[in-house]
Amino acid sequence: MFYGVELESRLMLGTAQYPSPAVLQQAIQASGTEVITVSLRREGQGGAGFRDLIAASGCRILPNTAGCHTAAEAVTTAQMAREVFQTNWIKLEVIGHADTLQPDPFALVEAARVLCADGFEVFPYTTEDLILGEKLVEAGCQVLMPWGAPIGSGQGLRNIDGLRAMRAHFPDIPLVVDAGIGAPSQAAQAMELGYDAVLLNTAVAKALDPVAMAAAFGQAVRAGQMAAQAGLMPRRDMAAASTPIFGMADFSASEGM
Amino acid sequence: MICTVLGAGVAGLCAATVLAERGAEVRVIDPGLAQPASMLAGGMIAPFCEGESAPDLVVQIGQTAADWWQDRIGPITRRGTLVIAPSRDQVELDRFARATSGHVWSRPAELEPALEGRFARGLFFGAEAHMDPRAALRLLRTRADGLGVTFATDGDEVGQVIDCRGWAARDHLPDLRAVRGEMLLVDAPDVTLSRTLRLLHPRFPCYIVPRGEGRYMIGATMVESADSGPVTARAVMELLSAAYTVHPAFAEARVIEVSAGLRPAFADNIPVLRQLDGRFYLNGMYRHGFLMAPHLAEQLADTLMGGLQNAG
């Protein structure tokens, strides 16, 4: 449940960088996604034409604060987003560095506190740091969105153990891997780790065929989710032979006798 | 046949010219209140590069545009396009190569000696061309004049109406949207580049088009917005830092113009000729005005007067 909303598809899709709004629309349909993120910082009030087009997709809109570098900027953008999209949902992104696009954890917590108190339902784009996650939950966030890797890098899950630890540490908080996903296999992997959803943009938008890639991601996320529910077998260090070895001759022991 | 063309941007001028060439009596009405978006264009005839994001249709039709312009306004610059990327964004170049055709890998400094030591490899699109859009529109207008086309700021819409008003036609075309673009014109006599350069970057791609005599057009942002207000500081910073990445001497350039305009676009970003309630609409030029307007103008003339021309 994401702030009380049950989602059938666990793929969330960004709407930037597509060849055209028409291709974006087809990609949304092919992916089966129910949630799309939209930026507002740069487009401002003048972006109504594009917003009307994506609203026609029927998806739930998760406005984002992409492009904001301070808590104050993010709060202002969130307030504008609430007005424009008529939703309390906000993907909170406070960028610490324009080049690495790494989140600024301090400004993030500060902005989350202000927005949660103001009735927003905040989806914070964060790192896999557990204490930072706790501070965000304390601030009122009921969803956490750790990065897989830096935005647009396509590196996948760069710190799998960290993400696994986060899942274990926050068993009851919906967790979404946001950013860094480059391939459907990586999205499936996030779901297999027990994550509740995956959010991505560039991997689909910049594919040579965005519509086909959107479908591939939709299926991968579904497969990963099913696998997690079905119960993955535990990893072992050795082969688990299906024939019993009890009573077999121990050649290494008999050698040299 | 009598035609009234609304709008004197690239779409309107192409339509008026082709109709007049085929014997129509053409009047162009443009109130001249707003500068046509095409005045801010790069003026690139780059069908193969556009194929990175545009569908095959644009790539195919766009290949006929350079000859069309040259036949009407005289020589255009046919030196191709060179596409480069900063060393840490080389994957962008590989992706661009996969997404396009009509290119060869090349050493940038062999094509543009000013880039010596700066970029190890680039993609060269040899069949592409560019022109100064303002000079091109002026020359096309002169040609239309010579063919008997008249120009007015207002008047009655007589005969067949062809609406080429770009973003201003949104009252008749509700699915039209605006994509804001911002550009700079700089005077950089220390930089010597002879062809269009595209710098790939995951966030701030840009192109630099030589305008002659040390002037360069640097463009252009793509913002999903209908705000036609002044250029933002962010746009200037992004475009200039991209230019600086191409050549540090751009830091000494004099900025002689900063402009923002609105590209009219339909949902698929493909320019199109539409017929609606007895009018024709040539619109949705997006980034492809100079590339696609000639073809659409010919298509319009075929639809309106194909029979006439065949009979003649």
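Residues numbered from 1 in each chain as written. Chains lettered and ligands numbered in written order. Predicted model: local features only at pLDDT ≥ 70, side-chain atom pairs only at ≥ 80, totals over all residues. Heavy atoms only, no water.

For the rest of this paragraph, the subject is the pattern of salt bridges. Note on pairing: side chains with opposite charge can pair once their charged atoms come close. Residues and elements named next belong to chain B. As enumerated under the stated definition, the model contains 30 salt bridges over all chains in all. Residues Asp175 and Arg274 are paired through a salt bridge, measuring 2.6 Å at the closest nitrogen-oxygen approach. Taken together, the residues span a long stretch of sequence, with Asp175 in the loop between strand E9 (160-163) and strand E10 (177-187) and Arg274 in strand E15 (residues 272-276) at a distance of 99 residues. With relative accessibility at 37%, the residue Asp175 sits in the partly exposed group. When its relative accessible area of 26% is taken as the criterion, Arg274 is described as partly exposed. Look at the salt bridges and you will find they share partners, linking Glu21, Arg22, Arg72, Arg143, Glu298 and Asp302 into a network. (Salt bridge = Lys/Arg side-chain N within 4 Å of Asp/Glu carboxyl O. Helix = DSSP H or I, 4+ residues; strand = E, 2+ residues; numbered from the N terminus. Buried < 20%, exposed > 50% of the residue type's maximum accessible area, 1.4 Å probe, protein only.)

Below, the discussion takes up the packing of aromatic side chains. In total, this model carries six aromatic pairs over all chains according to the counting rule given. Seen in terms of ring centroids, Tyr3 of chain A and Phe123 of chain A are 5.3 Å apart; in terms of plane orientation they differ by 55°. Their pairing is tilted. Here Phe123 of chain A lies in strand E5 (residues 121-126) and Tyr3 of chain A lies in the segment before strand E1 (11-14), a separation of 120 residues in the sequence. In this structure, Tyr3 of chain A and Phe123 of chain A share a single accessibility class: buried. Ring centres of Trp68 of chain B and Trp69 of chain B lie 5.1 Å apart, and the angle between their planes is 80°; this geometry places the pair in the edge-to-face category. (Phe/Tyr/Trp six-rings, centres within 6.5 Å; stacked < 30°, edge-to-face > 60°.)

What follows concerns unusual backbone geometry. Residues and elements named next belong to chain B. Ala220 follows Gly219 through a cis peptide bond whose omega is -25°. Note that Ala220 resides in the loop between strand E13 (215-219) and helix H8 (233-246). Phi is positive for Asn269, close to 60°, though the residue is something other than glycine. Its location among the elements puts Asn269 in the loop between strand E14 (254-265) and E15. By relative accessible area, Asn269 is classed as buried at 5%. The residue Tyr286 is not glycine, and still its phi comes out positive at about 50°. Looking at the secondary structure, you find Tyr286 in the loop between strand E16 (279-283) and helix H9 (289-311).

Residues and elements named next belong to chain B. Domain assignment breaks chain B into domain 1 (1-58 + 130-165 + 276-312) and domain 2 (81-126 + 177-265). The centre of domain 1, based on its C-alpha atoms, is set 27 Å off from the matching centre of domain 2. With both chains or domains summed, domain 1 and domain 2 bury close to 2000 Å², and 61% of this area falls on carbon and sulfur atoms. The tally of links between domain 1 and domain 2 comes to four salt bridges. Across the salt bridge formed by Glu50 and Arg198, the nearest N and O atoms sit 2.9 Å from each other. (Domains from an automatic or database assignment. Buried area = accessible area lost by both parts, 1.4 Å probe.)

Residues and elements named next belong to chain B. Spatially, the eight strands line up as an open sheet ordered E5-E6-E4-E11-E12-E13-E10-E14, and their pairing is mixed. Looking at which strands have only one partner, the edges of the open sheet turn out to be strand E5 (104-106) and E14. Averaged over all adjacent pairs, the angle separating strand axes in this sheet is 25°, with direction ignored. (Pairing = 2+ DSSP bridges. Axes fitted to C-alpha atoms, helices over the stretch in contact; angles between N-to-C directions.)

Residue and element names in this part refer to chain B. The N-to-C vectors of helix H1 (residues 10-21) and helix H4 (residues 65-73) enclose an angle of 70°; their axes lie 13 Å apart at closest approach. One element, H1, and the other, H4, form an angle in the roughly perpendicular class. Crossing angle aside, the handedness with which H1 passes H4 is left-handed. Each of Val10, Cys14, Thr17, Val18 and Glu21 in H1 lies in contact with H4, whose residues at this interface are Trp68, Trp69 and Arg72. A breakdown of the residues in the contact of H1 with H4 according to their chemical character gives five nonpolar, one polar and two charged. (Parallel < 35°, antiparallel > 145°, perpendicular 65-115°, else oblique. Left-handed = near helix turned anticlockwise from the far one by under 90°. Contact = heavy atoms within 4.5 Å. Nonpolar A, V, L, I, M, F, W, Y, C, P; charged D, E, K, R; others polar.)

What links the strands of a sheet is backbone hydrogen bonding, and the strands pair in either a parallel or an antiparallel sense. Residues and elements named next belong to chain B. One open sheet accounts for six strands, arranged E8-E2-E1-E9-E16-E15; its pairing is mixed. Since the sheet does not close on itself, it has two edges, and those belong to strand E8 (150-152) and E15, each with one partner. On average, adjacent strands in this sheet sit at an angle of 20° to one another, irrespective of strand direction.

Taking the numbering used here, the UniProt-annotated feature "domain: FAD dependent oxidoreductase" (unreviewed entry) corresponds to residues 4-302 of chain B. Overall, residues 4-302 of chain B shows 29% helix and 26% strand. The separation of its end C-alpha atoms is 17 Å. (UniProt positions renumbered as here; feature names shortened; annotations may be inferred.)

Next up on the list: the side chain of Arg167 of chain A. Residue and element names in this part refer to chain A. Considering the arrangement of structural elements, one finds Arg167 in helix H6 (residues 160-169). Among the residues examined, Arg167 registers a relative accessible area of 13% and is labelled buried. In contact with Arg167, other than residues within four places in its own chain, are Asp172, Ile173, Leu175, Leu193, Gly194, Tyr195 and Asp196.

Facing 23 residues of chain B, the contacting portion of chain A comprises 20 residues. Run the count over chain B and chain A and you get one salt bridge. Among the ionic pairs, Glu52 of chain B bridges to Lys206 of chain A, the shortest N-O distance being 3.8 Å. Elements supplying a minimum of two residues to the side of chain B that touches chain A: helix H5 (90-99), E10 and H8 of chain B.

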